[in-house]
Amino acid sequence: MKPFLNNLTKWSAIAKQSFDRAAIVAKFLCLLHVTNTYIFSPTLVYGPSMLPTLNLTGDVLLSEYVSHRLGKVGPGDVVLIQSPENPRKMITKRVVAMEGETVSFLVEPTRSDRSRTVVVPKGHVWIQGDNIYASNDSRNFGPIPYGLIQGKVWCRVWPLDGFGSL
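The shown structure was predicted, so the numbers you read here are calculated from the model rather than taken from an experiment. (Residues numbered from 1 in each chain as written. Predicted model: local features only at pLDDT ≥ 70, side-chain atom pairs only at ≥ 80, totals over all residues. Heavy atoms only, no water.)

## Topic: a nonpolar patch on the surface
There is a patch of nonpolar side chains on the surface, built from Val34, Tyr38, Ile39, Phe40, Val66 and Leu70 and spanning about 530 Å² of accessible area. Per-element tally for the nonpolar patch: the top contributor is helix α1 (residues 2–39), with 3 residues. Summarising the element assignment, Val34 is placed in helix α1. (Patch = residues over 30% accessible without salt bridge, like charges linked within 9 Å, V, L, I, M, F, W, Y side chains within 5 Å. Areas by Shrake-Rupley, 256 points an atom, 1.4 Å probe, with all protein chains shown as cover. Salt bridge = Lys/Arg side-chain N within 4 Å of Asp/Glu carboxyl O. Helix = DSSP H or I, 4+ residues; strand = E, 2+ residues; numbered from the N terminus.)

Here it is in structure tokens:
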């Protein structure tokens with residue numbers, strides 16, 4: 001009977017230690033999820049619309065998700081936006097104007113010099129890519145609701161030669 005109790009005590013200690021380690025891993029994964037979803041996360045962006053600020057072949061940006069919830073996004077900020085045309089797609093553009101501001105832009109920059117002026121309605125922002133010749137932005141789909149802003153780009157982390165704030 002004595003060996004049985006010794007084995008039971010050993011297995012009990014191993015089970016407790018395993019449970020404690022599993023709890024630490026679970027807490028870490030919860031912290032990682034909260035950080036990645038609500039505070040900041042790395043984002044891979046690519047395409048011609050933000051040339052020359054961002055590379056055509058791709059950059060890894062660190063995006064934070066607090067500023068837009070506090071209303072701290074303004075003209076000049078590069079933001080992540082849920083595409084108004086395809087909700088499954090995330091796009092990266094620069095905020096040009098906020099609600100109540102007036103924006104003048106070229107309607108078709110590759111074809112004519114015809115410009116248009118728009119007042120950004122309440123609760124909306126005007127976004128544009130830095131490369132006006134290859135960007136699908138507010139010039140095409142109009143002002144976007146502020147609620148579609150998902151995050152604000154904080155800095156570029158890859159490639160290393162471009163590391164730093166935008």
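Here the narrative resumes, following the displayed structure.
## Here's the deal with the side chain of Arg156
Tracing the chain through its elements places Arg156 in strand β9 (residues 149–158). Judged by its relative accessible area of 11%, Arg156 falls in the buried class. A distance of 3.0 Å separates the side chain of Arg156 from the backbone oxygen of Thr53, its partner in a polar contact. Leave out the neighbours within four places in its chain, and Arg156 touches Thr53, Leu54, Asn55, Asp59, Val60, Leu61, Gly162, Phe163, Gly164 and Leu166. (Buried < 20%, exposed > 50% of the residue type's maximum accessible area, 1.4 Å probe, protein only. Polar contact = N/O pair within 3.5 Å; in protein donor to acceptor, adjacent residues only side chain to side chain. Contact = heavy atoms within 4.5 Å.)

## As for the sheet that holds strand β7 (residues 124–128)
Judged by pairing direction, the sheet is antiparallel, and its 7 strands sit side by side in the order β1-β2-β9-β3-β4-β7-β8 without closing on themselves. Each edge of the sheet is formed by a strand with only one pairing partner; in this case those strands are β1 (40–45) and β8 (144–145). Strand direction decides the pairing type here: strand β4 (residues 90–97) and β7, joined by 3 bridges, are antiparallel. Bridging from a neighbouring strand, Ala97 pairs with Trp126 of β7. (Pairing = 2+ DSSP bridges.)

## Looking at the pairing of strand β2 (residues 59–64)
Where burial is concerned, most of β2 is hidden: 5 out of the 6 residues are buried. Where β1 meets β2, 6 bridges bridge the pair, whose relative direction is antiparallel. Bridging from a neighbouring strand, Pro42 pairs with Leu62 of β2. Note that β2 and β9 share 5 bridges and pair antiparallel. If you follow Ser63 over to β9, its bridge partner there is Val153.

## Concerning the environment of Thr102
Its place among the elements puts Thr102 in strand β5 (residues 102–106). In the structure, Thr102 is positioned 17 residues away from Val119 in sequence and 4.4 Å away in space, judged by C-alpha atoms. For Thr102, the residues in contact, after removing those within four places along its chain, are Thr117, Val118 and Val119.

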